[in-house]
Amino acid sequence: MSETAATKHRQPRTLEQATAMLERFAVLDGERAGIEAERNDAIAKINAAADEQLVPIVQEMDAIDEKVQPWWAKVAAELLPAKRKSMELGGCIIGSRTGKTVLAIAGAEDTLISALTKLRWGKVFAPAKPKLDKTALLKATSGPKAQDLAKLGVTAKAGEESFVLARAEQTGTIGS
């Protein structure tokens, strides 16, 4: 069992103190991984039990939907209030809904872009959007164009160093 969350640790002053703290960190990480595995297992069991109960319910709902839909297509016009597409019936909302209008393009999008850019009025629909090739630019900052790029404000910025602390992987242990 782990120590309480309120455990205070002091900054190590010796290699032995640091080693002891890191060993404690590894133990805690193993306990954390074990608890997470237990939680995930419990969640999976709960989900499986719920799914077992839900399957017949969802199947029956699908069967009802399959039978009611063609019936609704026949009687909707006489049952719906004026200018309505749906209504409440038997504790349910039944009816239809029009989906969002979307753009349909016949053929390839590139072909359309090419055609629109050739038309004075079509350029507004296909504006040119240049995009930097950052991978190539980074590579070029150490090549023959490095000085020219630097004049334009393009240089390579080294990655920032950050502290890393993680449990070392040990096969056959909890959390590995």
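Residue indices begin from 1 for each chain and proceed along its sequence in written order. The model is predicted, so local features are restricted to residues of pLDDT at least 70 and side-chain atom pairs to those at 80 or more, both for listing and for counting; the totals for chains, interfaces and linings are taken over all residues. Think of the side-chain values as coming from all heavy atoms in the structure, minus any hydrogens and water.

Student: How should I be thinking about the pattern of salt bridges in this particular structure?
Tutor: When the charged atoms of two side chains with opposite charge come close together, those side chains can pair. A pairing counts as a salt bridge when a side-chain nitrogen of Lys or Arg comes within 4 Å of a carboxyl oxygen of Asp or Glu. Considering all chains together, one arrives at 5 salt bridges under this definition. We note a salt bridge from Arg-32 to Asp-29, for which the minimum N-O separation is 2.7 Å. Here Asp-29 and Arg-32 lie together in helix α1 (residues 15-79), a separation of 3 residues that amounts to about one turn. Here the term buried applies to any residue with accessible area under 20% of the maximum for its type, exposed to any over 50%, and partly exposed to those in between, with areas from a 1.4 Å probe on protein chains only. Look at Asp-29 and you get buried, because its relative accessible area is 18%. We note a salt bridge from Lys-45 to Asp-41, for which the minimum N-O separation is 3.3 Å. Of this pair, Lys-45 and Asp-41 both sit in helix α1, 4 residues apart, which is roughly one turn of the helix. Only DSSP runs of H or I with at least four residues qualify as helices, and only runs of E with at least two residues qualify as strands; both kinds are numbered from the N terminus onward.

Student: Looking at this structure, how should I read the pairing of strand β2 (residues 92-95)?
Tutor: Along a regular strand, successive side chains alternate from one face of the sheet to the other. Here, strands pair whenever DSSP counts at least two bridges between them. Inspection of the sheet shows strand β1 (residues 86-89) paired to β2 by 4 bridges, in the antiparallel sense. Pairing of Glu-88 across the sheet is with Ile-93, part of β2. Once β1 ends, the chain turns through 2 residues before running back antiparallel as β2, passing Gly-90 with a positive phi of about 60°.

Student: Explain unusual backbone geometry to me, please; I cannot follow it from the model alone.
Tutor: In most cases, non-glycine residues show a negative phi, while peptide bonds are predominantly trans. Despite not being glycine, Lys-83 has its phi angle at roughly 60°, a positive value. By secondary structure assignment, the location of Lys-83 is in the loop between α1 and β1.

Student: Any chance you could explain the packing of aromatic side chains here in plain terms?
Tutor: Only Phe, Tyr and Trp rings are paired, with Trp represented by its six-membered ring, and only when their centres lie within 6.5 Å; those with planes under 30 degrees apart are stacked, over 60 edge-to-face, the remainder tilted. Applying the stated criterion to the full structure yields 2 aromatic pairs. With 6.1 Å between their ring centres and 50° between their planes, Trp-71 and Trp-72 make a pair best called tilted. Aromatic side chains Trp-121 and Phe-125 sit 6.4 Å apart centroid to centroid with 75° between the ring planes, which places their arrangement in the edge-to-face category. Among the residues examined, Phe-125 registers a relative accessible area of 58% and is labelled exposed.

Student: Would you mind showing me how to read a nonpolar patch on the surface here?
Tutor: Patch construction takes residues with relative accessible area above 30% that form no salt bridge. Like charges are linked within 9 Å, and nonpolar side chains (Val, Leu, Ile, Met, Phe, Trp, Tyr) are linked within 5 Å. The accessible surface values rely on the Shrake-Rupley method and a 1.4 Å probe; as for residues, cover is taken only from the protein chains in view. Together, Ile-64, Val-68, Trp-71, Leu-79 and Leu-89 line one region of the surface with nonpolar side chains, adding up to about 400 Å² of accessible area. No other element matches the 4 residues that α1 contributes to the nonpolar patch. The residue Ile-64 is located in helix α1 in this model.

Student: What am I meant to see in the environment of Ile-46 here?
Tutor: Within the fold, Ile-46 resides in helix α1. Accessibility expressed as a relative area gives 56% for Ile-46, which makes it exposed. Note: C-alpha distance between Ile-46 and Ala-168 (122 residues apart in sequence) is 32 Å.

Student: Looking at this structure, how should I read α1?
Tutor: Since the α-helix turns once every 3.6 residues, residues separated by three or four places project in the same direction. Helix span is expected to be 1.5 Å times the residue number reduced by one. Compared with the 96 Å implied by 1.5 Å per residue over 65 residues, the 82 Å span of α1 between its first and last C-alpha is markedly short. In this scheme, the bend at a residue equals the angle between the axes fitted to the seven residues that finish there and the seven that begin there. The largest bend in α1 comes to about 50°, at Ala-73. What α1 keeps buried is the set Arg-24, Asp-29, Gly-30, Ala-33, Gly-34, Trp-72, Val-75 and Ala-76. Among the structural elements, β1 and β2 are those in contact with the buried residues of α1. A contact between two residues is defined here by any heavy atoms of the two lying within 4.5 Å.

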